[in-house]
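Structural features, examined
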Amino acid sequence: MEIENQYPIGPASFVEFSTAAKESALGDIQFLPNALEAAILNLDEAQLQTPYREGGWTVNQLVHHVADSHMNAYIRFKLGLTEATPTIKPYEEQLWAGLNDVASIPINVSITLLFALHQRWYAALKDLDDAAWERTVFHPASQKELSLWYLLQMYSWHGRHHVAQINGLRDKMRWGYW
């Protein structure tokens, strides 16, 4: 059961490039802010400080994490689109989730940031030709080149994954959406 709470939509999976798969993943990028905003609708401060599973991050931390992660993702895509196999910068997401801004800044700031960020990100990606998705970045932590197509799928999953964690907590705790 704990694995289901940790990965409510399952682990990330990857498919070969196709126009249909690309459009679906781009839709996830475009509409993630709406889905995340709906997932936190009407939650009070005590609910926002509730971990989505035992030992997991709080809803507050999840929302700020998505903003942190997707800011990094946007930069990774921009580097991948403008440089030949750039080395991207990993970051310690667990440590970032423990920083003061996560504890002290209301989540509406990260939601607002995500709306602006995803508008820019989607605009940067929506009209790329198929060859652009083959461009790569180098991830030093995994010592691998990753294609932009791989990254699109990863971040498409990432947003849906965290929204599902929050919605799963809402369902478990019987917190309505009213």
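Residues numbered from 1 in each chain as written. Predicted model: local features only at pLDDT ≥ 70, side-chain atom pairs only at ≥ 80, totals over all residues. Heavy atoms only, no water.

A word on the pattern of salt bridges. For the structure on display, the rule yields three salt bridges. Linking Lys-22 and Glu-23 is a salt bridge whose minimum nitrogen-to-oxygen distance equals 3.8 Å. Residue class for Glu-23 comes out partly exposed when judged on its relative accessible area of 41%. Where Arg-160 meets Asp-28, a salt bridge forms, and the shortest distance between an N and an O atom there is 3.0 Å. Highlighted residues: Arg-160 in helix α8 (residues 148-173) and Asp-28 in helix α2 (residues 19-39), separated in sequence by 132 residues. What makes Arg-160 partly exposed here is its relative accessible area of 38%. (Salt bridge = Lys/Arg side-chain N within 4 Å of Asp/Glu carboxyl O. Buried < 20%, exposed > 50% of the residue type's maximum accessible area, 1.4 Å probe, protein only. Helix = DSSP H or I, 4+ residues; strand = E, 2+ residues; numbered from the N terminus.)

As a further point, take the environment of Leu-41. If you trace the backbone, Leu-41 turns up in the loop between α2 and α3 (45-48). Exposure remark for Leu-41: the relative accessible area of 41% places this residue in the partly exposed category. With 116 residues separating them along the chain, Leu-41 and Trp-157 place their C-alpha atoms 21 Å apart. Beyond its immediate chain neighbours, meaning those up to four positions away, Leu-41 contacts Arg-170 and Tyr-177. (Contact = heavy atoms within 4.5 Å.)

Counting residues in each nonpolar core, the largest one holds 42 residues, and the members touching the most others are Phe-77, Trp-133 and Leu-152. Contributing elements (two or more residues each) for this core: α2, α4 (59-82), α7 (107-125) and α8. (Core = buried A, V, L, I, M, F, W, Y, C linked by side-chain atoms within 4.5 Å.)

Moving on to the side chain of His-70. The residue His-70 is located in helix α4 in this model. Here His-70 is in contact with Leu-32, Leu-114, Leu-117, His-118, Trp-121, Tyr-155, His-158 and Gly-159, once residues within four sequence places are set aside.

Before going further, it helps to examine α7. Since the α-helix packs 3.6 residues into each turn, any two residues three or four apart lie on the same face. The first and last C-alpha atoms of α7 sit 26 Å apart over 19 residues, in line with the 27 Å expected at 1.5 Å per residue. Turning to α7, its buried residues number three or more, namely Ile-107, Ser-110, Ile-111, Leu-114, Leu-117, His-118, Trp-121 and Leu-125. On an axial view of α7, the arc spanned by its buried residues comes to 135°, and they lie on one face. Every exposed residue of α7 that faces more than 90 degrees away from the buried side is listed here: Thr-112, Gln-119 and Arg-120. (Expected span 1.5 Å × (residues − 1). Arc of directions from axis to C-beta.)

Axis separation between α2 and α8 bottoms out at 9 Å; the angle between their running directions is 30°. One finds that α2 runs roughly parallel with respect to α8. Crossing of α2 over α8 shows left-handed handedness. Between α2 and α8, the residues in contact are Ala-21, Lys-22, Ala-25, Leu-26, Asp-28, Ile-29, Leu-32, Ala-35, Leu-36, Ala-38 and Ala-39 and Trp-149, Leu-152, Tyr-155, Ser-156, Gly-159, Arg-160, Val-163, Ile-166, Asn-167 and Arg-170, respectively. Split into classes, the residues belonging to the contact of α2 with α8 amount to 14 nonpolar, three polar and four charged. (Axes fitted to C-alpha atoms, helices over the stretch in contact; angles between N-to-C directions. Parallel < 35°, antiparallel > 145°, perpendicular 65-115°, else oblique. Left-handed = near helix turned anticlockwise from the far one by under 90°. Nonpolar A, V, L, I, M, F, W, Y, C, P; charged D, E, K, R; others polar.)

Its 24 residues place the ends of α4 35 Å apart at the C-alpha level, agreeing with the 34 Å of an ideal helix rising 1.5 Å per residue. In terms of residue burial, α4 counts as a mostly covered element, since 18 of its 24 residues are buried.

What follows is about the environment of Asp-44. Mapped onto the elements of the fold, Asp-44 is located in the loop between α2 and α3. For Asp-44, a relative accessible area of 42% translates into the label partly exposed. Residues Asp-44 and Tyr-177, 133 residues apart in the sequence, show an inter-C-alpha distance of 12 Å. A polar side-chain atom of Asp-44 sits 3.1 Å from the main-chain amide nitrogen of Ala-46. (Polar contact = N/O pair within 3.5 Å; in protein donor to acceptor, adjacent residues only side chain to side chain.)

As a further point, take the pairing of strand β1 (residues 136-139). Bridging between β1 and strand β2 (residues 144-147) involves four bridges; their strand directions are antiparallel. Within the sheet, the bridge partner assigned to Phe-138 lies in β2 and is Glu-145. (Pairing = 2+ DSSP bridges.)

What follows is about the packing of aromatic side chains. Taken as a whole, this structure holds seven aromatic pairs when the rule is applied. Consider the rings of Phe-17 and Trp-149, whose centres lie 5.0 Å apart with planes at 75°: the pair is edge-to-face. In this pair, Phe-17 sits in the loop between α1 (2-6) and α2 while Trp-149 sits in helix α8, placing the two residues 132 residues apart along the sequence. Arranged with centres 6.4 Å apart and planes meeting at 85°, the rings of Trp-133 and Trp-149 form a pair that is edge-to-face. One end of the pair, Trp-133, is in the loop between α7 and β1; the other, Trp-149, is in helix α8, and 16 residues separate them in sequence. For Trp-133, a relative accessible area of 1% gives the class buried. Accessibility expressed as a relative area gives 9% for Trp-149, which makes it buried. (Phe/Tyr/Trp six-rings, centres within 6.5 Å; stacked < 30°, edge-to-face > 60°.)

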